[in-house]
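Each chain is listed here by its residues.
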Amino acid sequence: MKKIALVCLLLLSSTVFAQDKPKIYNPQANAKAELQAAVARAAKAKKHVFVQVGGNWCSWCIAFHNLVEATPELKGYLTSNYEKVLINFSPENKNEALLASLGHPGRFGYPVFLIVDGKGKVLHIQNSAYLEEGKGHSVKKVMDFLKGWTFEAVNPPAKPSK
């Protein structure tokens, strides 16, 4: 009887934990269309596109998402200065053709971040490990990264000639 109760308890707890797992990435999304729409919005708004590639299976991807959501400074800066796109990479949908066209960013692990301009050109691929500190991502390192790749940072205004 104790074994049956233990098995039932284990099944119940695994069901509860499975339901609590966040679903940040959408494997069914048309990532190419979402990226194209973000690029068009970025061109109009004089912004760049911040692309986060990962999957719901990736604890670091979820941790980064949670950090941004829980840090008003990061969330606000990202929203004000970038169009944001999440691209799923998972067994259900690897988005292989799209990721190949973006320079195979998964070679750096997950999550991996891309900065794309308003013409759809990849300006930078960021290994997220360089933004870590201790057991998570550093708010300061992430903010410094974001500040370094805004439209204004990459396209500073021309200084008047004398």
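For clarity, every value in this text was computed on a predicted model and none was experimentally measured.

1. Let's talk about the pairing of strand 1 (residues 48-54)
1) Next: Counting buried positions over the seven residues of strand 1 gives seven, a clear majority of the element.
2) Next: Side chains of strand 1 alternate between two faces, with His48, Phe50, Gln52 and Gly54 and Val49, Val51 and Val53 buried alike.
3) Next: As defined by bridge partners, strand 1 adjoins strand 2 (residues 82-88) across seven bridges and the pair is classed as parallel. Looking across to strand 2, one finds that glutamine 52 is bridged to leucine 86.
4) Next: Two elements, strand 1 and strand 3 (residues 112-116), share five bridges in a ladder whose sense is antiparallel.

2. Remarks on helix 2 (residues 31-45)
1) Next: For helix 2, built from 15 residues, the straight-helix expectation of 21 Å at 1.5 Å per residue is met to within 8% by its first-to-last C-alpha distance of 21 Å.
2) Next: Within helix 2, the full set of buried residues consists of Ala31, Leu35, Ala38, Val39 and Ala42. Viewed along the axis of helix 2, the buried residues span an arc of 105°, placing them on a single side of the element.
3) Next: Structurally, helix 2 contributes buried residues whose contacts are with strand 1, strand 2, helix 5 (96-101) and strand 3.

3. Observations regarding the sheet that holds strand 1
1) Next: The four strands lie next to each other as 2-1-3-4, forming an open sheet whose pairing is mixed. Sheet topology places strand 2 and strand 4 (122-127) at the edges, where each strand pairs with a single neighbour. Looking at each pair of strands side by side, their axes are set apart by 20° on average, direction ignored.
2) Next: With respect to the sheet, helix 2 is in contact with strand 1, strand 2 and strand 3, its orientation differing from that of strand 2 by roughly 170°.
3) Next: Against the sheet, helix 4 (residues 72-81) contacts strand 1 and strand 2, and its axis sits at roughly 100° relative to strand 2.

4. Let's talk about the nonpolar core
1) Next: Judged by nonpolar contacts, the single largest core of 17 residues is most densely connected at Leu35, Val49, Val51, Val53, Ile87, Leu102 and Leu114.
2) Next: Elements supplying a minimum of two residues to this core: helix 2, strand 1, strand 2, helix 5 and strand 3.
3) Next: Residue contributions to this core peak at five residues, all from helix 2.
4) Next: With residues up to four places along the chain from it excluded, the contact list for valine 51 reads Leu35, Val85, Ile87, Val112, Phe113, Leu114 and Val116.
5) Next: Phe50, Leu74, Leu78 and Phe113 belong to the second largest nonpolar core, which has 13 residues in total.

5. Regarding the state of the cysteines
1) Next: Under the definition given, this model contains one disulfide.
2) Next: The disulfide partner of cysteine 58 is cysteine 61, and the gap between their sulfur atoms is 2.4 Å. In this structure the cystine formed by cysteine 58 and cysteine 61 twists about its S-S bond by roughly 80°; its chirality is therefore right-handed.

6. Things to note about the packing of aromatic side chains
1) Next: Summed over the entire model, instances satisfying the criterion amount to seven aromatic pairs.
2) Next: Between the aromatic rings of phenylalanine 50 and tyrosine 82, the centroid separation amounts to 6.3 Å while the plane-to-plane angle is 70°, which identifies the pairing as edge-to-face. Placement of phenylalanine 50 in strand 1 and of tyrosine 82 in strand 2 is noted, with a sequence separation of 32 residues between them.
3) Next: What makes phenylalanine 50 buried here is its relative accessible area of 1%.
4) Next: Taken together, the ring pairs connect Phe50, Phe64, Tyr82, Phe113 and Phe145 into an aromatic cluster.

Parameters at a glance
Residues numbered from 1 in each chain as written. Predicted model: local features only at pLDDT ≥ 70, side-chain atom pairs only at ≥ 80, totals over all residues. Heavy atoms only, no water. Buried < 20%, exposed > 50% of the residue type's maximum accessible area, 1.4 Å probe, protein only. Helix = DSSP H or I, 4+ residues; strand = E, 2+ residues; numbered from the N terminus. Pairing = 2+ DSSP bridges. Expected span 1.5 Å × (residues − 1). Arc of directions from axis to C-beta. Contact = heavy atoms within 4.5 Å. Axes fitted to C-alpha atoms, helices over the stretch in contact; angles between N-to-C directions. Core = buried A, V, L, I, M, F, W, Y, C linked by side-chain atoms within 4.5 Å. Disulfide = S-S within 2.5 Å. Phe/Tyr/Trp six-rings, centres within 6.5 Å; stacked < 30°, edge-to-face > 60°.

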